[in-house]
Amino acid sequence: NIENSDFVFNYLYLKKRIDYGGGVFYLNDDLYWLHNEGTENEFYRRERFRQYGLYGLVRLPFNKFWRMDFEGIVQKEEIKQDLLDDSTDSWIEDYWTSDDETNFSPQVSLVQDNTLYGSVGPISGWRGAAMLGHSFSDNDTDYTLGVLDFRHYLFFAKKFSFAYRGYTGIIEGESNMRFDLADFEGVRGYDGSDLGTKKALFSAELRFPFIDHLQIGFPLPIQFANIRGSAFVDVGAVWDN
């Protein structure tokens, strides 16, 4: 249903030298865990995260490769908890506890980008970004965020490329905002739940052609083309003190 769906709508106006953009988003996530595991009183608890709001972007280029990005996000975050009733196999809404927060987060980024793209992504050049942002919250949980992100791509042997990335960030303030090592900005294959106000990440990846062209005649005429592979290593850490 709509309440438990995720969607993002973007619009970018690129006709002039200065780019303008905006959008709206609605995102959900669930976390489940077992209380009193191994006892007669064990039960499941669910925590539901919901974020929705809108954002705007102004992108000011200095030249072909350097630009400044100004972004602003207004969003509301909701965290709700409930318990699982084993007798009815349903969630008990009467026990919900709610934690709502509305914040405004402006940020500015200095970006350098001279990459050249192939069929599946950047193959040559480098991209770097230095971002500084601050979040103003109605719950007096403001925080400041700083991030440095550097990526380099080396193209060789016609269809092979080597990519590496360095990422570091820091969060200062009273918020419970933390870095993790999961998802897109993390260590691939790692399923831990470490959190911290400081983060460092390094990735190296060899990208290579896996299947250029494969044609199957029986039982169905099927063709596969331009399938690429990669071998990578990720190293990361998050910490507080």
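Bear in mind the structure is a predicted one, so any value in this text is a computation, not a measurement.

Q: Sorry, what's going on with the layout of surface pockets here?
A: If a probe the size of a water molecule is rolled over the atoms, the empty space left behind becomes visible. The volume enclosed by the second largest pocket comes to roughly 310 Å³. Surrounding the second largest pocket, 16 residues form its lining, Arg165, Arg188, Ser203, Glu205 and Arg207 being those nearest its centre. Contributing elements (two or more residues each) for the lining of the second largest pocket: β7 (122–137), β8 (143–156), β9 (160–173) and β12 (198–216). Counting residues per element, the lining of the second largest pocket draws most heavily on β12, which supplies five residues. Its residues placed into classes, the lining of the second largest pocket shows seven nonpolar, two polar and seven charged.

Q: Just checking my understanding: could you explain a negative patch on the surface for this structure?
A: The grouping of Asp6, Asp29, Asp30 and Asp183 at the surface amounts to a negative patch. Overall, the relative accessible area of 66% leaves Asp183 in the exposed class.

Q: Sorry if this is basic, but what is going on with unusual backbone geometry here?
A: The phi angle of most residues is negative, glycine excepted, and most peptide bonds adopt the trans form. The peptide bond linking Phe218 to Pro219 adopts the cis configuration, its omega dihedral lying at 5°. As for its position among the elements, Pro219 is in the loop between β12 and β13 (222–239). One non-glycine residue, Asn226, lies in positive phi territory at about 55°. Looking at the element boundaries, Asn226 is found in strand β13.

Q: Before we go on, may I ask you to explain the pairing of β7 in this structure?
A: Two faces belong to every sheet, and in a regular strand the side chains alternate between them. Here strand β6 (residues 116–117) runs beside β7; their pairing, made up of two bridges, is antiparallel. Among the inter-strand pairings, Leu116 is bridged to a residue of β7, identified as Ser124. The hairpin formed by β6 and β7 contains four residues between the paired strands, and Gly121 there has a positive phi angle of roughly 145°. Taken together, the eleven bridges between β7 and β8 define a ladder with antiparallel strand orientation. Opposite Ala129, over in β8, you have Asp149 as the bridge partner.

Q: Sorry if this is basic, but what is going on with the side chain of Asp234 here?
A: Within the secondary structure layout, Asp234 lies in strand β13. For Asp234, a relative accessible area of 13% gives the class buried. Polar contacts involving the side chain of Asp234 include one to the side chain of Arg188, which spans 2.8 Å. At 2.8 Å, the side chain of Asp234 and the side chain of Ser203 are in polar contact. If we skip the residues at most four places from it in the chain, Asp234 touches Gly186, Val187, Arg188, Phe202 and Ser203.

Q: Looking at this model, I keep getting lost on the pattern of salt bridges. Mind explaining?
A: Here the idea is simple: oppositely charged side chains can pair when their charged atoms come close. Counted according to the given criterion, the structure contains 13 salt bridges. Between Asp69 and Arg67 there is a salt bridge, and its shortest N-O distance comes to 3.1 Å. Taking the relative accessible area as the measure of exposure, Asp69 reaches 4% and is therefore buried. One network of salt bridges, in which partners are shared, links Asp149, Arg151, Arg165 and Glu185.

Reading guide: rules and limits
Residues numbered from 1 in each chain as written. Predicted model: local features only at pLDDT ≥ 70, side-chain atom pairs only at ≥ 80, totals over all residues. Heavy atoms only, no water. 1 Å grid on protein atoms, 1.4 Å probe; cavity = no way out; pocket = protein on both sides within 12 Å on 5 of 7 lines; lining within 4 Å. Points joined across faces, edges and corners; volume = space filled by probe spheres on them. Helix = DSSP H or I, 4+ residues; strand = E, 2+ residues; numbered from the N terminus. Nonpolar A, V, L, I, M, F, W, Y, C, P; charged D, E, K, R; others polar. Patch = residues over 30% accessible without salt bridge, like charges linked within 9 Å, V, L, I, M, F, W, Y side chains within 5 Å. Areas by Shrake-Rupley, 256 points an atom, 1.4 Å probe, with all protein chains shown as cover. Salt bridge = Lys/Arg side-chain N within 4 Å of Asp/Glu carboxyl O. Lys, Arg positive; Asp, Glu negative; His and termini not counted. Charge placed at Lys NZ, Arg CZ, Asp CG, Glu CD. Buried < 20%, exposed > 50% of the residue type's maximum accessible area, 1.4 Å probe, protein only. Pairing = 2+ DSSP bridges. Polar contact = N/O pair within 3.5 Å; in protein donor to acceptor, adjacent residues only side chain to side chain. Contact = heavy atoms within 4.5 Å.

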